[in-house]
Amino acid sequence: MAQPRVLVVPFVPLATFVLALATPFGPAQAHEPAQAHEADGCRQVEGTDGLDVRRLAERIVVWRERHVPPASDPKHWLKVQLLGFNDFHGQLSPRKLGTADVAGAAYLGAHLKKAAAEHAGPTFIVHAGDHVGASPPNSALLQDEPAISVLNLLGNAHCQHRFKLDTRCNLVGTPGNHEFDEGRAELDRLISGGNHGSGPFLESPWRGTTFPYVSANVVDAKTRQPILLPFVLKKVAPNVNIAIIGAVLKGTPSIVTPAGVAGLSFLDEAAAINSYVPYIKALGVRAIVVTIHQGGFQINNTGGAAGPGSALDGAEIKSIVSRLDGEIDVVISGHAHSFTNTLLPNAAGKEVLVTQAFANGTAYADIDLEIDPRTRQVMTKQARIVTTFHKDVTGSPLVAPDPAISALVAAADARVAPIVSRVVGTAGSTITRTQIASGESRLGNLIADAQRARTGTAFAFMNPGGIRADIDAGEVTWGELFAVQPFANDLVTMTMTGQQVVDLLTQQFVANRMLQVSGLRFSWRAGVTGGAAGGTLVEITTAGGLPLEPAAVYSVTANSFLAGGGDGFTVFQAATNKVVGPVDLDALVDFVAGRPQPFDASIDGRVQRVP
């Protein structure tokens, strides 16, 4: 069958579609040149967000089946809405996009409920992973139970703690890599219930989710059985269902501490998803949606953001979609913290609608399907990415914050207030995690120095993706430092030879991640030499100016994520004499508190890029 495709191109008047935008945007803002960086495996692109990008994201992409069966009547097609979001990361509180207020759980919930109320048919809310983990204190200190409670409050009457598989329940989620930060047992507890050892928190006893989590490609390493349901069915009409299959990036073990994925195997995403399609078809279902924690970003050839339907930068997600079974209709993606709204061909050449809605509750994907009740096939599909602004350009509210979610957030804020509001020090200026061309950053230097000072080792190494926020000038609270390092990684001291340190620093160019360092200085040159993909080392010295001796033995500190070989730095796995020490956040808090005030940090040339 020839494959149908209608891509809605903004400002082109075509009779086959209507593009209607009522955007609450202010004047377009020029974006900075794009620069990719890593955030615990989540590839983000700086310079591809802002009001102008949000305007692009809200434009509609449409696909329509051109070969309509003679007996099919479009007037009777079933209208189904999917509201997708991803990478919430426990973002209970509002955020800023430029000067505009966006996000916050109460506003996200209000936007989703409003969209559902305005839709003529059934609506299903689908999240694509990393709903928890790397969260602000008002969620993280309560084991991210408030983030799960937000989803429970979005559920309809058919979503129940005891029976989560009612096909009329309007919610479904899939785990991302951060759902495994604390291991399978904690993921099971969040879903199935049971108080945490440090709890109870806001709910006692904790009862878990009222909706199912699905994942086709995470299996028990011994039994090879999925640890979660691979897919669920959702009722659209009598005798008509859609299927939603879940998956997470197969590279999760490389970006999660080893303890978090112990006893688990992560299978190829496309192969795992495809393996369940025959079962789904046998159940009479022909409309299939995938929710997957993997994704890319749409960007033009000058480095800025590109509009819907444009080329997708993301080899992993493109490869996955290209190998998906021809029955797959929609992919709701995540992980890249960017936007996606485009059509990509699957293994049968049929175009799949692929979406991603930025991150942190700042947007959602509004996806509309029309299904022929006779064939149960998707006949049309379209999507736009809607930003969760609080107000329009006139200052009028777009939505009122959801009262039940607002009360939940207020309770979480009150519970953690005594801890997070404690003032630790005063920053003389804003200390950012932005890396200069060499890879060095002011905040990276501060953190690496704090870790080395706490453990007394010769060297310390910090992964830049573990630095999640900047430090603003002025009073610095415990909560602000928690936002910088929210993972509660232990510091591990170990012994490494000078040659192992050389090998470690060389892995930076293969992993495309520049470590933040303390106690040594090194220079590097860009280019493919010596087998390194992105550069080669030129010189390495200790902080005292002495050459690094390959045969010498040095004491080293790294967090437990790196020490286990995370982010591709596998050399750490060969280190010896490993001793687990204090939590990384405690080291940073003590270091900041113990410095002359106001404190600061600088770029001091410890990492240099040479011609």
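Preceding this paragraph is the structure being described.
To keep things clear, this report deals only with the structure shown in the data block. (Residues numbered from 1 in each chain as written. Predicted model: local features only at pLDDT ≥ 70, side-chain atom pairs only at ≥ 80, totals over all residues. Heavy atoms only, no water.)

A word on a nonpolar patch on the surface
Heads up, the rule is: What makes a patch is a set of residues exposed beyond 30% relative accessible area and free of salt bridges, joined within 9 Å when like-charged and within 5 Å when nonpolar (Val, Leu, Ile, Met, Phe, Trp, Tyr). All accessible areas in this document rest on Shrake-Rupley with a 1.4 Å probe, and a residue is counted as covered only by the protein chains that are shown. When a carboxyl oxygen of Asp or Glu lies within 4 Å of a side-chain nitrogen of Lys or Arg, that pair is called a salt bridge. Burial classification: accessible surface area is computed with a 1.4 Å probe over protein chains only, and a residue below 20% of its type maximum counts as buried, one above 50% as exposed, and the rest as partly exposed.
Taken together, Phe 163, Leu 165 and Leu 229 make up a surface patch of nonpolar side chains, about 270 Å² in accessible area. Overall, the relative accessible area of 34% leaves Leu 229 in the partly exposed class.

Thoughts on the packing of aromatic side chains
To keep it simple, the criterion reads: Classification of ring pairs uses Phe, Tyr and Trp, with its six-membered ring standing for Trp, and accepts pairs whose centres are within 6.5 Å; under 30 degrees between planes counts as stacked, over 60 as edge-to-face, and the remaining range as tilted. Elements are defined by DSSP. Helices are runs of H or I of four residues or more, strands are runs of E of two residues or more, and each kind is numbered from the N terminus. In this analysis the charged atom, NZ for Lys or CZ for Arg, is taken to sit over a ring once it is within 6 Å of the ring centre and within 35 degrees of the ring normal.
Under the counting rule described, the total for this entry stands at 10 aromatic pairs. With 5.3 Å between their ring centres and 80° between their planes, Phe 180 and Phe 266 make a pair best called edge-to-face. Of the two residues, Phe 180 sits in the loop between β8 (171–173) and α5 (183–192) while Phe 266 sits in strand β12 (residues 264–266), which places them 86 residues apart along the sequence. The burial state of Phe 180 is the same as that of Phe 266; both residues are buried. Clustering of aromatic rings is evident, with ring pairs tying together Phe 231, Tyr 276 and Tyr 279. Sitting over the ring of Phe 358, Arg 54 keeps its end group 3.6 Å from the ring centre.

Here we look at helix α11 (residues 442–455)
Note the following rule: Between the first and last residue of a helix there are one fewer steps than residues, each counted as 1.5 Å, and that sum is the expected span. Contacts: residue pairs with any heavy atoms within 4.5 Å of one another.
Spanning 14 residues, α11 covers 20 Å between terminal C-alpha atoms, matching the ideal 20 Å at 1.5 Å per step. Taken residue by residue, α11 has Arg 442, Leu 443, Gly 444, Asn 445, Leu 446, Ile 447, Ala 448, Ala 450 and Gln 451 as its buried positions. Residues of α11 that are buried make contact with β22 (459–462), α12 (478–484), β24 (490–497), β25 (516–518), β28 (553–559) and α15 (584–594). Just past α11, the residue Gly 456 takes up positive phi, approximately 75°.

Side note on the pattern of salt bridges
The final tally for this structure, using the stated rule, is 23 salt bridges. Its salt-bridge partner being Arg 184, residue Asp 220 comes within 3.0 Å of it at the nearest N-O pair. With a gap of 36 residues between them, Asp 220 in strand β9 (residues 218–220) and Arg 184 in helix α5 connect regions that are remote in the sequence. Note on Asp 220: relative accessible area 18%, which makes it buried. In this structure, Arg 207 and Glu 203 form a salt bridge, with 3.7 Å as the shortest nitrogen-oxygen distance. The class of Arg 207 is partly exposed, set by a relative accessible area of 47%. Each of Glu 58, Asp 366 and Arg 384 takes part in salt bridges that share partners, so that together they form one network.

Regarding the sheet that holds strand β26 (residues 520–526)
Formally: The pairing criterion for strands is at least two bridges between them, as found by DSSP. Under this scheme, a helix contributes an axis fitted over its contacting stretch, all axes are lines through C-alpha atoms, and angles between N-to-C directions fall in the 0 to 180 degree range.
Strand order in this open sheet of three strands is β27-β26-β30, and the pairing throughout is mixed. If you trace the sheet from one side to the other, it starts and ends with β27 (535–542) and β30 (607–609), each paired once. In this sheet, neighbouring strand axes are inclined to one another by 20° on average, regardless of whether the strands run parallel or antiparallel. In the packing of helix α13 (residues 498–511) onto the sheet, the strands contacted are β26 and β27, and the crossing angle to β27 comes to about 140°.

Overview of the state of the cysteines
We apply this condition: Two cysteine sulfurs form a disulfide in these notes if their separation is within 2.5 Å.
Applying the stated criterion to the full structure yields one disulfide. In this model, Cys 159 is linked to Cys 169 through a disulfide, with the two sulfur atoms separated by 2.0 Å. Negative torsions about the S-S bond denote left-handed disulfides, and the value of about 100° found for Cys 159 with Cys 169 makes this one right-handed. Of the two residues, Cys 159 is situated in the loop between α4 (145–154) and β8 and Cys 169 in the loop between α4 and β8; the sequence distance between them amounts to 10 residues. Classification of Cys 169 by relative accessible area gives buried; the value is 0%.

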